[in-house]
Amino acid sequence: MVHSLKRIASVFIIALMMSVLLYWNWINEAIERTHIMQKIERVNIHSILKGRTLDDENIQILSEQTGVNEKVMKALLEKGDYQRILELQEAYFAPVLIESVQTTPLTICEYIIDENGKRTKGTQLADVQTGDIIVTKNSRFLGWRNGHAGLVVDAEEELILEAVMLGTNTKLCDVKGWEVYPSFLVLRLKEEYRKYYSVQKAVDYAMENMVDIPYYLFAGILEDKGTHCAHLVWHAYQEIGIDLDSDGGFLVTPYDIQNSPYLEVVQSYGY
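What comes next is a walk through the structure. From a predicted model like this one, the values you see are computed outputs, not experimental measurements.

So, the sheet that holds strand β5 (residues 148-154)
Next up, step 1: Strand order in the open sheet formed by six strands is β7-β6-β5-β3-β8-β9, and the pairing between neighbours is antiparallel. The open sheet is flanked by β7 (171-174) and β9 (263-269), the only strands paired with a single partner. Taken pair by pair, the neighbouring strands of this sheet meet at an average axis angle of 30°, ignoring direction.
Next up, step 2: Note: strand β8 (residues 184-189) against β9, six bridges, orientation antiparallel. Among the inter-strand pairings, Leu185 is bridged to a residue of β9, identified as Ser268.
Next up, step 3: Packed onto the sheet, helix α7 (residues 199-209) meets β5, β6 (159-162), β7 and β8 and runs at close to 105° relative to β5.
Next up, step 4: Strands in contact with helix α8 (residues 229-238) are β3 (133-136), β5 and β6; relative to β5, the strand with the most contacts, it is inclined by about 45°.

Some points on the sheet that holds strand β2 (residues 107-113)
Next up, step 1: With antiparallel pairing, three strands are arranged side by side in an open sheet as β1-β2-β4. Each edge of the open sheet is held by one strand with a lone partner, namely β1 (97-102) and β4 (139-141). Sheet twist, expressed as the mean angle between neighbouring strand axes with direction ignored, is 25°.
Next up, step 2: The pairing of β2 with β4 spans three bridges and is antiparallel. Bridge assignment links Ile108 to a residue of β4, and that residue is Arg140.

Remarks on the packing of aromatic side chains
Next up, step 1: For the structure shown, the criterion picks out six aromatic pairs.
Next up, step 2: Residues Tyr216 and Phe218 carry aromatic rings whose centres are separated by 6.1 Å and whose planes lie at 75° to one another, so their mutual orientation is edge-to-face.
Next up, step 3: Sitting over the face of the ring of Tyr111, Arg119 holds its NZ or CZ atom 3.8 Å from the ring centroid.
Next up, step 4: Seen from the ring of Tyr271, Lys137 lies directly overhead, with NZ or CZ sitting 4.6 Å from the centre.

Focus: the pairing of β2
Next up, step 1: Counting buried positions over the seven residues of β2 gives seven, a clear majority of the element.
Next up, step 2: Burial along β2 is two-sided: the face carrying Thr107, Cys109, Tyr111 and Ile113 and the face carrying Ile108, Glu110 and Ile112 are both buried.
Next up, step 3: Taken together, the six bridges between β1 and β2 define a ladder with antiparallel strand orientation. Pairing of Ser100 across the sheet is with Glu110, part of β2.

A closer look at the environment of His35
Next up, step 1: Along the polypeptide, His35 turns up in the loop between α1 (2-32) and α2 (46-51).
Next up, step 2: Between the alpha carbons of His35 and Val96 there is a distance of 8.0 Å; along the sequence they are 61 residues apart.
Next up, step 3: Apart from residues lying up to four places away in sequence, His35 is in contact with Ala94, Val96, Ile98, Pro182, Tyr269 and Gly270.
Next up, step 4: In this structure the side chain of His35 is engaged in a polar contact, spanning 2.5 Å, whose partner is the backbone oxygen of Pro182.

Some words on helix α3 (residues 56-66)
Next up, step 1: Residues of α3 that are buried include every one of Asn58, Ile59, Leu62, Ser63, Gln65 and Thr66, and no others.
Next up, step 2: Residues of α3 that are buried in the fold lie against α2, α4 (70-78) and α5 (82-93).
Next up, step 3: Downstream of α3 by one or two residues, Gly67 has phi in the positive range, about 85°.

Side note on the side chain of Glu162
Next up, step 1: Following the sequence through the fold, Glu162 ends up in strand β6.
Next up, step 2: The side chain of Glu162 sits in the buried core without any salt bridge; Lys171 is the nearest counter-charge, 8.0 Å away.
Next up, step 3: At 3.1 Å, the side chain of Glu162 and the side chain of Trp178 are in polar contact.

A few points about the side chain of Asn146
Next up, step 1: Topologically, Asn146 is positioned in the loop between β4 and β5.
Next up, step 2: In this structure the side chain of Asn146 is engaged in a polar contact, spanning 3.1 Å, whose partner is the backbone nitrogen of Phe141.
Next up, step 3: Beyond its immediate stretch of four places on either side in the chain, Asn146 contacts Ser139, Arg140, Phe141, Pro254 and Tyr255.

Section: the pattern of salt bridges
Next up, step 1: One pass over the full model with this rule turns up eight salt bridges.
Next up, step 2: When the shortest N-O distance is used, the salt bridge between Arg145 and Glu110 registers 2.7 Å. Of this pair, Arg145 sits in the loop between β4 and β5 while Glu110 sits in strand β2; the two residues are 35 residues apart in sequence, bridging distant segments of the chain. The same class applies to Arg145 and to Glu110, which are both buried.
Next up, step 3: Ionic pairing is found between Glu179 and Lys176, a salt bridge with its closest N-O pair at 3.6 Å.
Next up, step 4: Take Glu179: its relative accessible area is 5%, and that puts it in the buried class.

Here is what the cut-offs are and how they apply
- In every chain, residue numbers begin from 1 and rise along the written sequence.
- A pLDDT threshold of at least 70 governs which residues receive local features in this predicted model, and a stricter bar of 80 or more applies before side-chain atom pairs are shown or counted, although totals over entire chains, interfaces and linings include all residues.
- No hydrogens and no water enter the side-chain calculation; it runs on all heavy atoms of the structure.
- Paired strands, in this sense, are two strands between which DSSP finds at least two bridges.
- Segments assigned H or I by DSSP are reported as helices when at least four residues long, segments assigned E as strands when at least two residues long, and all are numbered from the N terminus.
- Orientation is described by lines fitted to C-alpha atoms, with helices fitted over the stretch in contact, and by angles between N-to-C directions that extend from 0 to 180 degrees.
- Residues count as neighbours in contact if any of their non-hydrogen atoms are within 4.5 Å of one another.
- Aromatic rings from Phe, Tyr and Trp, taking only the six-membered ring of Trp, are treated as a pair when their centres fall within 6.5 Å; an angle between ring planes under 30 degrees marks them as stacked, one over 60 as edge-to-face, and anything in between as tilted.
- Charge-over-ring contacts are defined here by two conditions on Lys NZ or Arg CZ: a distance within 6 Å of the ring centre and an angle within 35 degrees of the ring normal.
- Remark: exposure states derive from per-residue accessible area (1.4 Å probe, protein chains only) relative to the maximum for the residue type, with buried under 20%, exposed over 50%, and partly exposed in between.
- Here a polar contact is taken to be a pair of N or O atoms separated by no more than 3.5 Å, where protein atoms must pair a possible hydrogen donor with a possible acceptor and residues adjacent in sequence count only if both atoms sit in side chains.
- Positive residues here are Lys and Arg, negative ones are Asp and Glu, while His and the chain termini are left out of the count.
- Within this document, salt bridges are pairs made up of a side-chain nitrogen of Lys or Arg and a carboxyl oxygen of Asp or Glu, the two lying within 4 Å of each other.

Shown next as structure tokens:
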């Protein structure tokens with residue numbers, strides 16, 4: 001009997017140690033993904049901008065060196081905004097300091113800080129339009145990097161609608177606030193779908209029905225008493241006939257949205 005109890009205790013201790021080890025590795029992996037440095041070689045783009053030889057090949061290089069897509073790069077070049085392009089490249093390759101903030105007992109958000117510990121932006125949003133979706137992976141629930149999403153409702157006024165966290169209602173926030181995250185993607189409905197679907201109608205629906213409503217983690221699964229960040233974005237687009245849930249699961253997440261075939265990446269930072 002004693003021998004059997006010792007064996008059970010040994011098995012339990014081993015299982016517990018393995019669980020702790022797996023959880024520790026999971027946490028470490030989550031931390032490593034906070035901000036992914038670019039692995040491509042940084043090149044001197046001054047010569048490209050100075051030479052004004054802005055053919056498709058050079059535009060592709062500028063796009064790869066800054067994290068903005070080629071359409072946005074062409075728009076920046078047409079404006080002659082060369083200094084901004086240089087700043088985007090500098091930020092794209094610069095290392096960052098990161099702080100993890102306990103926002104609730106179960107959740108953590110990550111932000112970029114300067115050498116004095118003050119929160120600061122890592123890069124700038126190169127091009128944001130009304131109806132764009134911004135996602136970040138810098139939100140964690142326990143060890144799960146669940147991410148966060150928001151819907152740009154007024155690009156001119158720089159307003160984004162967000163379901164920020166449990167215990168709060170959805171609210172309009174400053175879109176520039178996303179520049180302090182160590183990672184983000186700006187997503188836009190592809191041109192081929194914009195011919196048939198009105199992004200403005202999705203925004204109008206969100207503004208009329210999804211401002212100042214409770215954060216509800218189970219929105220879309222149980223009775224819709226409120227919304228959460230990804231559900232807010234999904235629901236607004238669902239109203240115009242577009243399902244942004246790429247895997248069709250019972251819960252829509254920021255990752256489901258960022259993988260939607262309806263969307264294109266306008267800008268990538270830290271991914």
